[in-house]
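The primary structure of each chain is shown beneath.
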Amino acid sequence: MSKPKGDATSVLARFNERFGLVQRYVITIPPANNRVRPVNQISGAIQTNKSKAKKEPNMSLDISKLSEIKGLLGACLVDSDTGLVLDTEGGSKFDLETAGAANVEVVRAKLQAIEALKLNDTIEDILITLGKQFHLVRPLDKNPNIFVYVALDKKTANLGLARLQVKAVEETLSL
């Protein structure tokens, strides 16, 4: 009497596969951008798809590199459609939830002004200079409905370098 090769689970799987006792359903969940994809059904014996599947891009909302900005008081990534803060960095003495929500109104107001003036342009960034702070708002090039908000200490921050670092972080984000 010959011994089966492998452990009990693999032997059972091969037995089920050989005699058609296994059915497998593969369901593909559509991406968030509402593109419709068909549901693939594989019936009968297990089949392997030898074609390479197209990978969806990974979603990255990590703004932790903004902590490298000298003079950073706090930063957040905000969805201007909903007012939700998607990620935060720093801000232990700064209410980033409130700041993010308030700056949604700033972005909306500026977009309305651009439209009213028929400028046919987009926002690169918005700079608000206070007595002790700089506030920088930068809508993402790839998705203008989402913006990066950064609050900086005016005494220690270099505004030019901060803008460059915010742009560099923006390029690492994928939605």
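Quick summary incoming for the structure in this document. Because the structure is predicted, anything quoted here is derived from the model rather than measured. (Residues numbered from 1 in each chain as written. Predicted model: local features only at pLDDT ≥ 70, side-chain atom pairs only at ≥ 80, totals over all residues. Heavy atoms only, no water.)

Details of the pattern of salt bridges
Part 1: This model, assessed by the stated rule, comprises 6 salt bridges.
Part 2: For R138, the salt bridge is made with D125, and the minimal N-O distance between the two is 3.9 Å. One end of the pair, R138, is in strand β6 (residues 133-139); the other, D125, is in the loop between α2 (96-116) and β5 (126-129), and 13 residues separate them in sequence.
Part 3: Between R138 and E170 there is a salt bridge, with the nearest N and O atoms lying 2.5 Å from each other. Taken together, the residues R138 in strand β6 and E170 in helix α3 (residues 159-172) connect sequence positions 32 residues apart.
Part 4: E170 gets classed as buried once you look at its relative accessible area, which sits at 7%.
Part 5: A cluster of three or more residues bridged by salt bridges with shared partners is formed by E124, D125, R138, R163 and E170. (Salt bridge = Lys/Arg side-chain N within 4 Å of Asp/Glu carboxyl O. Helix = DSSP H or I, 4+ residues; strand = E, 2+ residues; numbered from the N terminus. Buried < 20%, exposed > 50% of the residue type's maximum accessible area, 1.4 Å probe, protein only.)

Description of the nonpolar core
Part 1: Membership of the largest hydrophobic core comes to 17 residues, with the highest contact counts inside it found for L66, V148 and V150.
Part 2: The set of elements that each furnish at least two residues to this core consists of β3 (72-79), β6, β7 (146-153) and α3.
Part 3: Of the residues forming this core, the biggest block, 4 residues, is contributed by β7.
Part 4: Those residues in contact with L66 that lie beyond four places of it in its chain are L72, A75, V148, V150, Q165, V166 and V169. (Core = buried A, V, L, I, M, F, W, Y, C linked by side-chain atoms within 4.5 Å. Contact = heavy atoms within 4.5 Å.)

Coordinates in, geometry out; function isn't part of it.
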